[in-house]
Amino acid sequence: MKTSKLPKVAVLGTGGTIAGSGASSTQYAGYRAAVTGVDELLMAIPPLKDVADLESEQVAQVASQNLGGATLLHLARRVNFWLNQTDCTGLVVTVGTNTLEETAYFLNLVVKSRKTVVVTGAMRPSTSLSADGPMNLYRAVVAAVSIQTVGLGVLVVMNDQIIAARDVHKMDTMTVDSFRAPVFGILGWVFDNQVRLYKRSARTHTCDTEFDVIDLNSLPRVDIVVGHQDDSGVAVSALVEAGAKGLVVAGAGSASLSEAMAEAVLSATRKGVVVVRAPRTATGIVMRNMEFDDALHGTVAGDTLSPAKARVLLALALAHGKQADEIQAAFDMY
């Protein structure tokens, strides 16, 4: 009897807790991230052989807080390379969860394929009792081969949930249900070997964005400043002096800025530094000229993006030569 050919999925590893190892199966203290290769991760999940024909590549081996612009650009090029192969059905990227949402959103803006890309990771190292990495990776591959996920942009599969890269937030430092979509909700579930979808993201992504990274070797420096009571604007001035091309100010409430911070921001924008206002709260929208005069200060309203994601979009916009008014349009679109 002739057996049917399984779809091919590329799995790209970058390290993180999913590739971590600890001295004890019952404690977090002392565990090391990024010590297990992606090949070994896949071999530890025998049922995957019945889901897809897997190819793997170790793109990086770091804790995700150490993922820099050069590595992200390299990852994006490798993702696009694999997706360009005619026999590749979909792709999974394993990452550290500390900055998973940034990596996923970055890929959502620069991947040039409608094939499914799934980002996943783990909250517990592989040596832990009830480690979540193996099931997350298994579910991610199931999602990557599903025809239902084609054209949805980059997805995050964690804790059985399917979440749009733009919407995902890490909400907790330790629990396995840390990744959620607090503003717009999840897209669906991976239930055993089935994908169940209920909606899709309305924002522009992947093939329909203007961000092509094939010729980019670096990203401009963009930093984040957090507003608070008695802030002085000193951090803004120092970062501008240090060479920042863009800044994200995570303001209180609806990203309101104090008088001192506003003065520093105005000085920065007059020097050509693009400043985006984003909320320091976990959820909410920042509209243009809402509780702050963006027109006067030359600032950009960050919509519903978190400060970390606003930084990603701002860096890509600057890398493509956009000015403040064009960057505002990008935040309204992506």
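Counting of residues starts from 1 at the beginning of each chain's written sequence and follows it residue by residue. Only residues with pLDDT of 70 or above have their local features reported here, since the model is predicted, and side-chain atom pairs are shown and tallied only from 80 upward, although totals for entire chains, interfaces and linings are computed over all residues. Calculated side-chain values reflect all of the structure's heavy atoms, with hydrogen atoms and water omitted.

A.B. asks: Explain helix α4 (residues 133-144) to me, using residue names and the numbers behind them.
C.D. replies: Helix numbering and strand numbering both begin at the N terminus, where a helix is a DSSP run of H or I of at least 4 residues and a strand a DSSP run of E of at least 2. Expected span of a helix: the number of residues minus one, times 1.5 Å. Taking 1.5 Å per residue, 12 residues should reach 16 Å; α4 reaches 16 Å between its end C-alpha atoms and fits that length. Relative accessible area decides the class of each residue, using a 1.4 Å probe on protein chains only: under 20% of the type maximum gives buried, over 50% gives exposed, and in between gives partly exposed. For α4, the set of buried residues is Gly133, Asn136, Leu137, Tyr138, Arg139, Ala140, Val141, Val142, Ala143 and Ala144.

A.B. asks: With reference to specific residues and values, describe the sheet that holds strand β5 (residues 155-158).
C.D. replies: Strand pairing requires that DSSP identify at least two bridges connecting the strands. A sheet is described by the order of its strands in space; here eight strands give the open sequence β2-β1-β3-β4-β5-β6-β9-β10, paired in mixed fashion. At either margin of the open sheet sits one strand with a lone partner, and together these are β2 (53-62) and β10 (194-197). Across the sheet, the axes of successive neighbouring strands diverge by a mean angle of 25°, strand direction being ignored. In the sheet, strand β9 (residues 188-191) pairs with β10 via four bridges, with the strands oriented antiparallel. Residue pairing in the sheet places Gly188 in a bridge with Leu197 of β10. Lines fitted to C-alpha atoms define the axes here, with helix axes fitted over just the stretch in contact, and angles between the N-to-C directions of these axes take values from 0 to 180 degrees.

A.B. asks: Could you give me a rundown of the nonpolar core, with the residues and numbers involved?
C.D. replies: Among the buried residues, those of types Ala, Val, Leu, Ile, Met, Phe, Trp, Tyr and Cys that are joined through side-chain atoms within 4.5 Å form a nonpolar core. Counting residues in each nonpolar core, the largest one holds 55 residues, and the members touching the most others are Val79 and Leu107. Counting residues per element, this core draws most heavily on helix α9 (residues 307-319), at eight residues. Among residues more than four places away in sequence, those in contact with Val79 are Leu12, Leu91, Val93, Leu107, Val111 and Val117. Val38, Val51, Ala122 and Tyr138 belong to the second largest nonpolar core, which has 29 residues in total. By definition, residues are in contact when any of their heavy atoms lie within 4.5 Å.

A.B. asks: Could you give me a rundown of the sheet that holds strand β12 (residues 246-251), with the residues and numbers involved?
C.D. replies: Pairing is parallel in the open sheet, where four strands are placed in the order β11-β12-β13-β14. The sheet terminates laterally at β11 (222-226) and β14 (300-301), the two strands that pair on one side only. Judged from the five bridges that link them, β11 and β12 form a sheet pairing that is parallel. Bridging from a neighbouring strand, Ile224 pairs with Val248 of β12. On the sheet, helix α7 (residues 259-270) packs against β11, β12 and β13 (274-279) and is oriented at approximately 145° with respect to β13. The strands that α9 touches are β11, β12 and β13; relative to β12, the one it contacts most, it runs at about 160°.

A.B. asks: Any chance you could break down empty space enclosed by the protein for me, citing the residues and the numbers?
C.D. replies: Grid points spaced at 1 Å over the protein atoms alone were grouped into cavities, where a 1.4 Å probe fits but cannot get out, and pockets, open sets with protein on both sides within 12 Å along at least five of seven lines, with lining residues defined by an atom within 4 Å of a point. Grid points are joined across faces, edges and corners, and a volume is the space filled by probe spheres set on the points. According to the stated counting rule, one finds three cavities of 30 Å³ or more in the structure shown. Lining the largest cavity, in full, are Arg166, Asp167, His169, Ala181, Pro182, Val183, Phe184, Thr304, Leu305, Ser306 and Lys309. Ten residue types, Ala, Val, Leu, Ile, Met, Phe, Trp, Tyr, Cys and Pro, are classed as nonpolar, four, Asp, Glu, Lys and Arg, as charged, and the remainder, Gly among them, as polar. Taken together, the residues of the lining of the largest cavity break down into five nonpolar, three polar and three charged. Taken as a whole, the second largest cavity encloses approximately 50 Å³ of empty space. Lining the second largest cavity, in full, are Asn108, Leu152, Val154, Ala164, Ala165, Arg166, Ser201, Arg203, Thr204, His205 and Tyr334. In the lining of the second largest cavity, the residues fall into five nonpolar, four polar and two charged.

A.B. asks: Run through the packing of helix α3 (residues 100-110) against α9, naming residues and quoting values.
C.D. replies: Their axes nearest at 9 Å, the elements α3 and α9 cross at an angle of 35°. Helix-helix and strand crossings are classified by hand; for α3 and α9 the assignment is right-handed. Contacts between α3 and α9 involve Glu101, Glu102, Tyr105, Phe106, Leu109 and Val110 on the former and, on the latter, Ala308, Lys309, Val312, Leu313 and Leu316. Crossings are classed by handedness, with left-handed meaning an anticlockwise turn of the near helix from the far one by less than a right angle and right-handed meaning a clockwise turn.

A.B. asks: Summarise the pattern of salt bridges; cite the residues concerned and give the values.
C.D. replies: Think of it this way: side chains of opposite charge can pair up when their charged atoms draw near. Definition used for salt bridges: Asp or Glu carboxyl oxygen within 4 Å of a side-chain nitrogen of Lys or Arg. For the structure shown, the criterion picks out 12 salt bridges. Residues Arg114 and Asp208 are paired through a salt bridge, measuring 3.0 Å at the closest nitrogen-oxygen approach. Separated by 94 residues along the polypeptide, Arg114 in the loop between α3 and β4 (116-120) and Asp208 in the loop between β10 and β11 bring together distant segments of the chain. Note on Arg114: relative accessible area 41%, which makes it partly exposed. A salt bridge links Arg277 to Asp294, with the nearest nitrogen and oxygen atoms 2.8 Å apart. With Arg277 in strand β13 and Asp294 in helix α8 (residues 294-297), the pair connects residues that are 17 residues apart, well separated along the chain. The pair Arg277 / Asp294 is uniform in exposure class, with both members buried.

A.B. asks: Describe the confidence of the model for the protein, and please don't skip the residues or the numbers.
C.D. replies: Residues of the protein with pLDDT of at least 70 account for 99%, and the chain-wide mean is 96. By definition, pLDDT measures how confident the predictor is in each residue, and it falls between 0 and 100. The weakest mean pLDDT in the protein belongs to helix α6 (residues 252-255) at 95; the strongest belongs to β4 at 99.

A.B. asks: Explain the layout of surface pockets to me, and be specific about the residues and the numbers.
C.D. replies: Considered as a void within the structure, the largest pocket measures approximately 230 Å³ in volume. Along its surface, the largest pocket is lined by 17 residues, and Leu67, Gly68, Gly69, Leu72 and Arg311 are the ones closest to its centre. For the lining of the largest pocket, the secondary-structure elements that each account for two or more residues are α2 (69-83), α3 and α9. Of the residues assigned to the lining of the largest pocket, the class counts are eight nonpolar, six polar and three charged. By volume, the second largest pocket amounts to about 190 Å³. Together, 16 residues line the second largest pocket, and Thr17, Tyr31, Thr97, Asn98 and Met123 are the ones closest to its centre. Classifying every residue of the lining of the second largest pocket gives seven nonpolar, eight polar and one charged.

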